[in-house]
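Secondary and tertiary structure notes
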Amino acid sequence: MLYLILLPVFFALMLCYFKIAEHYNIIDKPNDRSSHTEVTIRGGGVIFVIAGILAVILHTAYWLPGVGLFLIGTISFIDDRITLSSKIRILIHVFAVTLMFIFLNVFDMPFYWAIAFYIIAIGVINMYNFMDGINGITGIYTLVILAGLQYVNLYEFSFVEPDLIWLPIIACIVFLYFNFRKRAKCFAGDVGSVSIAFWLVLLIFKLCFATNNWTYILFLSVYGIDSVLTISHRLILKQNIFKAHRMHLYQILANEYKISHLIISIIYGLIQALIIVFLISNNKFSPLLLSVIILTLAILYIIVRYSLMARFKKSDA
């Protein structure tokens, strides 16, 4: 019953935010990196922060990661409005992740594990931000991951209160209503991509720690492969990896091949969904399985990317 009530409430909150965004000119103007061509409301992903805060209100034991979510969402929203120093952003990101790690008892482990988990968490948060570049991709991909996590939570291994997954799912559905369109009503903005990434890291880490099964990290494998190999490619080309670019596979498909944003988003979501189904059906941790999946995805990604770029250069010659 609560969820049925929250659905129209979240819709109403989004419409209220649109009024605020229009009044204060919180918009996204196309630039060299953009895959869109029209001015669009930015920061629609604030609904993820609202859902996260509500989840914490309902389950106060999660107040530490809740504070982290609020801080990381707030600094990201400000960054959507005015570009902040990267040092300020990373400082808040590290502090927010630290609050999450205190909650997860990460600091009870050897220090080298804590360092590794910081790298993974901060990496995933930034990866999610980089991958948020076309209509629908953040919403569809997030919905697939949350659905997989909830299935595990309800039918395989209970690791978290269901509300902490249901609420972002509802927020995701509402966000997709306005974003999964040829002409999106709003974009997630940094506040959306960073905040939901933070929440996904919390859920996936909690699941991995509870089951001691790190194959669940592959719930993020499609984004991970695209991000890591794109960075590797740019390093080989001796490019500044901190500068805006359009070299992710989804950007090549959208910009060079003019494939519909919605189709690309669905493809990314479907591939990740198939991987999640496979992982759930083979739910015992195996370093070999982990390595095989990552290697297979990497090889397929390289083949597809090389083929597309070579074909485009040939047609452009």
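What comes next concerns the included structure. Only a predicted model underlies this, so the values are computations on that prediction, with no experimental measurement involved.

On to the overall build of the protein. Looking only at helices and strands, the protein features twelve helices and two strands. Put simply, the protein runs from its N terminus to its C terminus through helices and strands in the order α-β-β-α-α-α-α-α-α-α-α-α-α-α. Its C-alpha atoms give the protein a radius of gyration of 19 Å, near enough to 20 Å, the size a compact globule of 317 residues would have. Seen through its principal axes, the protein has C-alpha atoms that stretch 60 × 55 × 40 Å. Going through the 317 residues of the protein one by one, you find that 51% of them count as buried. Excluding contacts between residues fewer than 6 apart, the proportion of contacts in the protein whose partners are at least 24 apart in sequence is 74%. For the protein, the exposed area adds up to about 15600 Å²; of that, 69% sits on carbon and sulfur atoms.

This brings us to the packing of helix H2 (residues 46-58) against helix H3 (residues 63-81). Axis separation between H2 and H3 bottoms out at 9 Å; the angle between their running directions is 160°. Accordingly, the angle class assigned to the pair H2 and H3 is roughly antiparallel. Helix-helix and strand crossings are classified by hand; for H2 and H3 the assignment is left-handed. Residues Phe48, Val49, Gly52, Ile53 and Val56 of H2 form the contact with H3, whose participating residues are Trp63, Gly66, Leu69, Phe70 and Gly73. Residue composition of the contact of H2 with H3, by class: seven nonpolar, three polar and no charged.

What follows covers the environment of phenylalanine 77. Residue placement: phenylalanine 77 occurs in helix H3. With 119 residues separating them along the chain, phenylalanine 77 and isoleucine 196 place their C-alpha atoms 13 Å apart. Leave out the neighbours within four places in its chain, and phenylalanine 77 touches Tyr17, Ile26 and Val191.

This brings us to the packing of aromatic side chains. Considering all chains together, one arrives at 28 aromatic pairs under this definition. Centroid distance phenylalanine 11 to phenylalanine 178: 5.8 Å. Interplanar angle 65°. Geometry classified as edge-to-face. Linking phenylalanine 11 in helix H1 (residues 2-23) with phenylalanine 178 in helix H7 (residues 163-179), this pair joins segments that are 167 residues apart in sequence. Ring geometry for phenylalanine 111 versus tyrosine 112: centroids 5.7 Å apart, planes at 75°, classification edge-to-face. Overall, the relative accessible area of 48% leaves tyrosine 112 in the partly exposed class. Members of the aromatic cluster, joined through ring pairs, are Phe101, Phe107, Phe111, Tyr112, Trp113, Phe117, Tyr118, Phe205, Phe209 and Trp214. Cation over ring: arginine 181 sits above tyrosine 177, and NZ or CZ is 5.0 Å from the ring centre.

Moving on, we come to the pattern of salt bridges. Between side chains of opposite charge, a pair can form when the charged atoms approach closely. The final tally for this structure, using the stated rule, is three salt bridges. Between lysine 185 and glutamate 22 there is a salt bridge, with its nearest N and O atoms 3.9 Å apart. Taken together, the residues lysine 185 in the loop between H7 and helix H8 (189-211) and glutamate 22 in helix H1 connect sequence positions 163 residues apart. Judged by its relative accessible area of 45%, glutamate 22 falls in the partly exposed class. Close ionic contact of aspartate 79 with arginine 89 constitutes a salt bridge, the shortest N to O distance being 3.6 Å.

Once that is clear, we can look at the environment of leucine 69. By the element assignment, leucine 69 lies in helix H3. Put simply, leucine 69 and valine 194 are 125 residues apart on the chain and 9.1 Å apart in space, counted from C-alpha to C-alpha. Not counting residues up to four positions away in its chain, the partners in contact with leucine 69 are Phe48, Val49, Gly52, Ile53, Ser195, Phe198 and Trp199.

Glancing now at the nonpolar core. Formed by 98 residues in total, the largest nonpolar core has its most connected members in Phe101, Tyr128, Ile145, Leu149, Trp199, Phe219 and Tyr268. Take this core: its biggest share by element is 13 residues, from H8. Leaving out residues up to four positions away in the same chain, leucine 149 has contacts with Phe159, Ile165, Leu200, Leu203, Ile204, Leu207 and Phe219.

Next up on the list: helix H10 (residues 249-256). Here H10 lies mainly inside the structure; seven of its eight residues are buried. For H10, the complete set of buried residues consists of Leu249, Tyr250, Gln251, Ile252, Leu253, Ala254 and Asn255. A positive backbone phi angle near 55° is found at lysine 258, which sits one or two residues after H10.

Here H2 contains 13 residues, and its C-alpha end-to-end distance of 19 Å stays within 8% of the 18 Å for a straight helix at 1.5 Å per residue. Every buried residue of H2 is listed here: Val46, Ile47, Phe48, Val49, Ala51, Gly52, Ala55 and Val56. Buried residues along H2 sit in contact with H1, H3, H7 and H8.

Turning to its location among the elements, serine 227 is positioned in helix H9 (residues 221-236). Among all residues touching serine 227, those that are not within four sequence positions of it are Met127, Met131 and His248.

Analysis parameters
Residues numbered from 1 in each chain as written. Predicted model: local features only at pLDDT ≥ 70, side-chain atom pairs only at ≥ 80, totals over all residues. Heavy atoms only, no water. Helix = DSSP H or I, 4+ residues; strand = E, 2+ residues; numbered from the N terminus. Rg over C-alpha atoms; globule rule 2.2 N^0.38 Å. Buried < 20%, exposed > 50% of the residue type's maximum accessible area, 1.4 Å probe, protein only. Contact = heavy atoms within 4.5 Å. Areas by Shrake-Rupley, 256 points an atom, 1.4 Å probe, with all protein chains shown as cover. Axes fitted to C-alpha atoms, helices over the stretch in contact; angles between N-to-C directions. Parallel < 35°, antiparallel > 145°, perpendicular 65-115°, else oblique. Left-handed = near helix turned anticlockwise from the far one by under 90°. Nonpolar A, V, L, I, M, F, W, Y, C, P; charged D, E, K, R; others polar. Phe/Tyr/Trp six-rings, centres within 6.5 Å; stacked < 30°, edge-to-face > 60°. Lys NZ or Arg CZ within 6 Å of the ring centre and 35° of its normal. Salt bridge = Lys/Arg side-chain N within 4 Å of Asp/Glu carboxyl O. Core = buried A, V, L, I, M, F, W, Y, C linked by side-chain atoms within 4.5 Å. Expected span 1.5 Å × (residues − 1).

Coordinates in, geometry out; function isn't part of it.
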